[in-house]
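Tertiary structure, described
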Amino acid sequence: MPHVEKGMQVGLFGGSFNPPHAGHVLVADIALRRLALDQLWWMVTPGNPLKSTRELAPLSQRIERSQAITPNPRIKVTAFEAAWHVRYTADTLALVRARNPGVDFVWIMGADSLRDFHRWERWREIMLTFPVAVIDRPGATLAFLSSTVAKTFDYARVDEADAPRLARMKAPAWTFIHGPRSTLSSTAIRNGHAGTVRR
């Protein structure tokens, strides 16, 4: 795991990054700025249990490509989940919390992930471990409101204006962050299609 100091605010941004692209960087940059983070861990996962691994590029290649597009020194590309043989996000977050006492973490994900979040293993446990920041994605701005997670944890939603304090809050706490959106997707890139950034 990247080195951190007690008192830091650190974002956890996980994904297959197959391949990583400018849309991922945009989410990371928005999170760093709006959440007032000291660091963001760009966590390249061995593989998503909900996705096929047939088209999954080797982990080393995805790490290398991620490092190539993230020059910001506050973004730390890591694949510690593979070293610890961690498969599910709930286990990852429990491991991070146990090994980094005194550090304030926030889980970061794109709004498009929120639609299927209730299908994740122990999703309620994830929401109860760290605060969560949901970053706007094209086509997901309104859809997220009807998601199972948004409805279940409606009482824990925090105003977007309080995003800089989110990492210090006790879970469950989550917010939706609006901003520039990228239509890029790893699937589209693998299929030979490009996208754009919308502001």
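Predicted model, so just to flag it, every value in this text is computed and none were measured.

1. Focus on the packing of aromatic side chains
Aromatic ring pairs are reported here in terms of the distance separating the ring centres and the angle at which the planes meet. For the structure shown, the criterion picks out 10 aromatic pairs. A centroid spacing of 5.7 Å and a plane angle of 85° characterise the contact between F13 and W42, whose relative ring orientation is edge-to-face. Linking F13 in strand β1 (residues 9–15) with W42 in strand β2 (residues 39–44), this pair joins segments that are 29 residues apart in sequence. Overall, the relative accessible area of 5% leaves F13 in the buried class. Taking the centre distance of 4.6 Å and the plane angle of 20° together, the rings of F17 and W42 count as stacked. Of this pair, F17 sits in the loop between β1 and α1 (22–34) while W42 sits in strand β2, placing them 25 residues apart in sequence. When its relative accessible area of 0% is taken as the criterion, W42 is described as buried. Through a chain of ring-to-ring contacts, three or more aromatic side chains come together here, namely W41, F80, F105 and F130.

2. A short note on the pattern of salt bridges
This model, assessed by the stated rule, comprises five salt bridges. When the shortest N-O distance is used, the salt bridge between R122 and D91 registers 2.5 Å. On the criterion of sequence distance, the pair formed by R122 in the loop between α5 (111–114) and α6 (123–129) and D91 in helix α4 (residues 89–99) is long-range, its members being 31 residues apart. For D91, a relative accessible area of 33% gives the class partly exposed.

3. Brief notes about the environment of R168
Turning to its location among the elements, R168 is positioned in the loop between α7 (148–152) and β6 (174–177). Here R168 falls in the partly exposed class, since its relative accessible area comes to 47%. Placed 161 residues apart in sequence, R168 and G7 show a C-alpha to C-alpha distance of 9.3 Å. Apart from residues lying up to four places away in sequence, R168 is in contact with G7, M8, Q9 and D104.

4. Examining unusual backbone geometry
Of note, the bond from N18 into P19 is cis; its omega dihedral lies within 30 degrees of zero at 0°. With respect to the element layout, P19 can be found in the loop between β1 and α1. Residues A171 and P172 are joined by a peptide bond in cis, for which omega reads 5°. Secondary-structure assignment places P172 in the loop between α7 and β6. At H85, a residue that is not glycine, the phi angle is positive and equals roughly 55°. If you trace the backbone, H85 turns up in the loop between α3 (80–83) and α4. A positive phi angle is found at R122, which is not glycine, with a value near 55°.

5. Some remarks on the environment of Q9
Topologically, Q9 is positioned in strand β1. C-alpha separation for the pair Q9 and D104, spaced 95 residues apart in sequence, amounts to 4.9 Å. Apart from residues lying up to four places away in sequence, Q9 is in contact with L35, A36, L37, D38, Q39, D104, P164, A167 and R168. Polar side-chain contacts of Q9 include one of 2.9 Å to the backbone oxygen of A36.

Calculation criteria
- Residues numbered from 1 in each chain as written.
- Predicted model: local features only at pLDDT ≥ 70, side-chain atom pairs only at ≥ 80, totals over all residues.
- Heavy atoms only, no water.
- Phe/Tyr/Trp six-rings, centres within 6.5 Å; stacked < 30°, edge-to-face > 60°.
- Helix = DSSP H or I, 4+ residues; strand = E, 2+ residues; numbered from the N terminus.
- Buried < 20%, exposed > 50% of the residue type's maximum accessible area, 1.4 Å probe, protein only.
- Salt bridge = Lys/Arg side-chain N within 4 Å of Asp/Glu carboxyl O.
- Contact = heavy atoms within 4.5 Å.
- Polar contact = N/O pair within 3.5 Å; in protein donor to acceptor, adjacent residues only side chain to side chain.

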